[in-house]
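Chains, contacts and geometry: an overview
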Amino acid sequence: MGSVFSQALLFPAFVIAVLGFVVPRLWARMLPEGVKPLMLNAFLSTVVMVVLSAVLFIGLYVGQGAEISDLFSLGLVSNTVFFGQLGVASAIIWAPIMVLSLAGLPRRWVKETW
């Protein structure tokens, strides 16, 4: 059953989608209300999502049997670029959900108005 989730990428896609919803909500708890903090939230959420997606892909490679030493044998820059590209490519999953999550945040504002 575990191989079905990793082979078909259902579980990783679900995790990325949930993170795309949760990350902006967590940033909203730490940032003040307002349009500028909302834009900062969007930027910070994007950076965090790219990093979390890249880490998830590293985990998927290790879960499929790749050795950590083999993954990082090419060097830090090559791996950062490769897994960063995978993180950015996964934006096709998390970006629409993150945008919807960000769009819903002003409804919860108490002090500021949209």
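The sections below set out a description of the structure shown in this document. (Residues numbered from 1 in each chain as written. Predicted model: local features only at pLDDT ≥ 70, side-chain atom pairs only at ≥ 80, totals over all residues. Heavy atoms only, no water.)

1. Points about the overall build of the chain
The criterion, for reference: Comment: elements are numbered from the N terminus, with helices defined as DSSP H or I runs of at least four residues and strands as E runs of at least two. Buried means the residue's accessible area, taken with a 1.4 Å probe over protein chains only, is under 20% of the maximum for its type, while exposed means over 50%, and partly exposed covers the values in between. Residue-level accessible areas treat just the shown protein chains as cover; the underlying method is Shrake-Rupley with a 1.4 Å probe.
Within the chain, the regular secondary structure consists of 6 helices and 0 strands. The N-to-C order of helical and strand elements in the chain reads α-α-α-α-α-α. Overall, the C-alpha framework of the chain stretches about 50 × 35 × 20 Å when taken along its three principal axes. Here the chain holds 114 residues, and 29% of them are scored as buried. Carbon and sulfur atoms provide 73% of the accessible area of the chain, an area that totals close to 7500 Å².

2. Description of the packing of aromatic side chains
Put simply, the rule reads: When the centres of two rings from Phe, Tyr and Trp lie within 6.5 Å, Trp using its six-membered ring, the rings pair. Their planes under 30 degrees apart give stacked, over 60 give edge-to-face, and anything left gives tilted.
Using the criterion set out here, one finds 3 aromatic pairs in the structure. When the ring of Y61 is compared with that of F82, the centres are 6.1 Å apart and the planes differ by 80°; the resulting orientation is edge-to-face. With Y61 in helix α3 (residues 35–63) and F82 in helix α5 (residues 76–89), this residue pair connects regions lying 21 residues apart in the sequence. For Y61, a relative accessible area of 33% corresponds to the partly exposed category.

3. Concerning a nonpolar patch on the surface
For the record, the criterion: The patch calculation keeps residues exceeding 30% relative accessible area without a salt bridge and links them within 9 Å when they carry like charges or within 5 Å when they are nonpolar (Val, Leu, Ile, Met, Phe, Trp, Tyr). Every case where a carboxyl oxygen of Asp or Glu lies within 4 Å of a side-chain nitrogen of Lys or Arg is listed as a salt bridge.
A cluster of nonpolar side chains, contributed by F11, F14, V18, F21, V22, L26 and M30, occupies part of the molecular surface with about 680 Å² of accessible area. Turning to its location among the elements, L26 is positioned in helix α2 (residues 10–30).

4. Regarding the packing of α3 against α5
Our working rule: With axes taken as lines fitted to C-alpha atoms, and helix axes fitted only over the stretch in contact, angles between N-to-C directions fall between 0 and 180 degrees. Orientation labels follow simple angle bins: below 35 degrees gives roughly parallel, above 145 gives roughly antiparallel, 65 to 115 gives roughly perpendicular, and whatever is left gives oblique. The sense of a crossing depends on the near helix, which, turned anticlockwise from the far helix by less than a right angle, makes the crossing left-handed and, turned clockwise, makes it right-handed. The contact criterion used throughout is that any non-hydrogen atoms of two residues lie within 4.5 Å. Classification convention: Asp, Glu, Lys, Arg as charged; Ala, Val, Leu, Ile, Met, Phe, Trp, Tyr, Cys, Pro as nonpolar; all other residues, Gly among them, as polar.
As a packed pair, α3 and α5 sit with axes 8 Å apart at the nearest point and diverge in direction by 115°. Considering the angle they form, α3 stands roughly perpendicular to α5. You can see that α3 and α5 cross each other, and the crossing is right-handed. Judged by residue contacts, V50, S53, A54, F57, I58 and Y61 of α3 engage F82, F83, G84, L86, G87 and V88 from α5. Of the residues that constitute the contact of α3 with α5, the class distribution is 9 nonpolar, 3 polar and no charged.

5. Some details on α2
The periodicity of an α-helix, 3.6 residues per turn, causes residues three or four positions apart to be oriented the same way. Condition: Here, expected helix span is obtained from the residue count minus one, scaled by 1.5 Å.
An ideal rise of 1.5 Å per residue puts 30 Å on 21 residues; α2 measures up with 31 Å between its terminal C-alpha atoms. Every buried residue of α2 is accounted for by P12, I16, A17, G20, V23, P24 and R25.

6. A few points about the nonpolar core
For the record, the criterion: Nonpolar cores were defined as sets of buried Ala, Val, Leu, Ile, Met, Phe, Trp, Tyr and Cys residues, with membership established by side-chain atoms within 4.5 Å.
Listed in full, the 10 residues of the largest apolar core are I16, V23, L38, M49, A91, W94, M98, L102, L105 and W109. Counting residues per element, the ones that place at least two in this core are α2, α3 and α6 (91–104). Here this core takes 4 residues from α6, the largest share from any one element. In this structure W94 touches I16, G20, T46, M49, V50, S53 and G87, once residues within four positions along its chain are discounted. Counting residues in hydrophobic clusters, the runner-up holds 5 residues, among them A54, F57, L71 and F83.

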